[in-house]
Amino acid sequence: MDQETELLVEAITSLKSEPNYFKDYAFPIASAFFTSILGAAIAYFTLRHQEGVQIEKEKMDATNKWTLNAEEARSTLFAMKGNYHGELNENPFQRIMSIPSILFKAKPLTEDFQGLSFIVPVGSDTEDEIPKWSQIPRVRIMVSNYNYLLELWEQRNTLNEQFKSRVFEVHGDNGRMALSKDEIIQAVGQAFLVTFTDLNERVIRLTDDIILELDNFLMEFPKYAKSKIQVKRLKRYGSILMHSNNENPVILELLKKSPDPDSQILSEIIGEPEEAIRQRHATGY
């Protein structure tokens, strides 16, 4: 090999670097590994964020659904009470005659409480700090009593039609006037009068109490539920429906309770002690 060839070989050899195992092998493997870890982490936290947002959406949807349902139920009872509010006095006979058969079409409230699990207080809450509407049993009782009240109004409508029919059949046009106890018993019988009077007083009392309970729910439940929802995560989704009566004179008037019946006359009609009747008509509100 001539001298020029040897020099060329040496020059080429000198350009060849020493092997770097970290750069040639470890770094590409580590780079691929950490890229995979980073991608998995991003995917994990993105999924967690989406799941968190979805949970908050479900909370807001449940809150708004219950608020709207309660508002509809209260409006139904307002419409019914509006047929006799301000017309009742303490006389049970007058109270029977003053309330007409009330036609209504109302759906019972759906007893679906699973979506309300988020309102249950955490274990660190003390009993004194537990808000009224954080208790699902309280919501369940309100719903159950409202649905029961709708059934009672339907029963009262049926008895009222029978009552009017019998009274006019016996007394004719005089049935439009104030009748005495004996005249009413002559037309409908003692047993019917007892049943109708008792039912009439129950629907009056329960209607008042459920209206006030629904009104309190509308005022307090959305505010409490909001404290359990991460609203900041839902700025682009919607908002929690808050309720206010806005000092509406019609609403404020219908929120007033009807006068209580004369307990002595009621006792004479039904044939039970006054205290026993009061306890039986008590609603727990």
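Above this text sits the structure in question.
Residues numbered from 1 in each chain as written. Predicted model: local features only at pLDDT ≥ 70, side-chain atom pairs only at ≥ 80, totals over all residues. Heavy atoms only, no water.

Participant: Would you take a moment to explain the packing of helix 4 (residues 136–171) against helix 5 (residues 181–188) for this structure?
Facilitator: Between two packed helices, what matters for the description is the angle formed by their axes and the separation of those axes. The contact between helix 4 and helix 5 brings their axes to 8 Å, and the two run at 105°. The angle between helix 4 and helix 5 places the two elements in the roughly perpendicular class. Only Glu183, Ile184, Gln186, Ala187 and Val188 of helix 5 make contact with helix 4, whose side of the interface consists of Phe163, Arg166, Val167, Val170 and His171. Residues of the contact of helix 4 with helix 5, tallied by class, amount to 6 nonpolar, 2 polar and 2 charged. (Axes fitted to C-alpha atoms, helices over the stretch in contact; angles between N-to-C directions. Helix = DSSP H or I, 4+ residues; strand = E, 2+ residues; numbered from the N terminus. Parallel < 35°, antiparallel > 145°, perpendicular 65-115°, else oblique. Contact = heavy atoms within 4.5 Å. Nonpolar A, V, L, I, M, F, W, Y, C, P; charged D, E, K, R; others polar.)

Participant: What is the right way to look at the packing of helix 6 (residues 190–226) against helix 8 (residues 263–270) in this model?
Facilitator: In the contact formed by helix 6 and helix 8, the axes pass within 9 Å of each other and the chain directions differ by 140°. If you check the angle between helix 6 and helix 8, you find them oblique. Along its contact with helix 6, which presents Gln190, Leu193, Val194, Thr197, Asp198 and Glu201, the element helix 8 presents Leu266, Ile269 and Ile270.

Participant: Just to check I follow, could you spell out the pattern of salt bridges for this structure?
Facilitator: Summed over the entire model, instances satisfying the criterion amount to 15 salt bridges. The closest approach of N and O atoms between Glu220 and Lys223, which form a salt bridge, is 3.7 Å. Separated by 3 residues within a single helix, Glu220 and Lys223 lie in helix 6, roughly one turn from each other. You can call Glu220 partly exposed: its relative accessible area is 34%. Judged by its relative accessible area of 46%, Lys223 falls in the partly exposed class. Here Arg278 ties to Glu275 by a salt bridge, and the two come within 3.1 Å at their closest N and O atoms. With a gap of 3 residues between them, Arg278 and Glu275 both fall in helix 9 (residues 274–281), about one helical turn apart. A cluster of three or more residues bridged by salt bridges with shared partners is formed by Lys132, Arg138 and Glu213. (Salt bridge = Lys/Arg side-chain N within 4 Å of Asp/Glu carboxyl O. Buried < 20%, exposed > 50% of the residue type's maximum accessible area, 1.4 Å probe, protein only.)

Participant: How should I be thinking about helix 5 in this particular structure?
Facilitator: Helical geometry note: an α-helix holds 3.6 residues per turn, so side chains three or four residues apart project in the same direction. Turning to helix 5, its buried residues are Ile184, Ala187 and Val188. Buried residues of helix 5 fall within an arc of 75° about the axis and therefore sit on the same side. Those residues of helix 5 that are exposed and angled more than 90 degrees off the buried face are Asp182 and Gln186. Along its buried surface, helix 5 packs onto helix 3 (92–98), helix 4 and helix 6. (Arc of directions from axis to C-beta.)

Participant: Sorry if this is basic, but what is going on with the environment of Lys65 here?
Facilitator: By secondary structure assignment, the location of Lys65 is in helix 2 (residues 21–81). Classification of Lys65 by relative accessible area gives partly exposed; the value is 35%. C-alpha of Lys65 to C-alpha of Gly115: the two residues are 50 residues apart in sequence and 10.0 Å apart in space.

Participant: Help me out: how do you make sense of the environment of Ile269 in this one?
Facilitator: For Ile269, the location among the structural elements is in helix 8. Take Ile269: its relative accessible area is 2%, and that puts it in the buried class. Discounting residues that sit within four places of it in the chain, Ile269 has contacts with Pro92, Phe93, Lys181, Gln190, Leu193, Val194 and Thr197.

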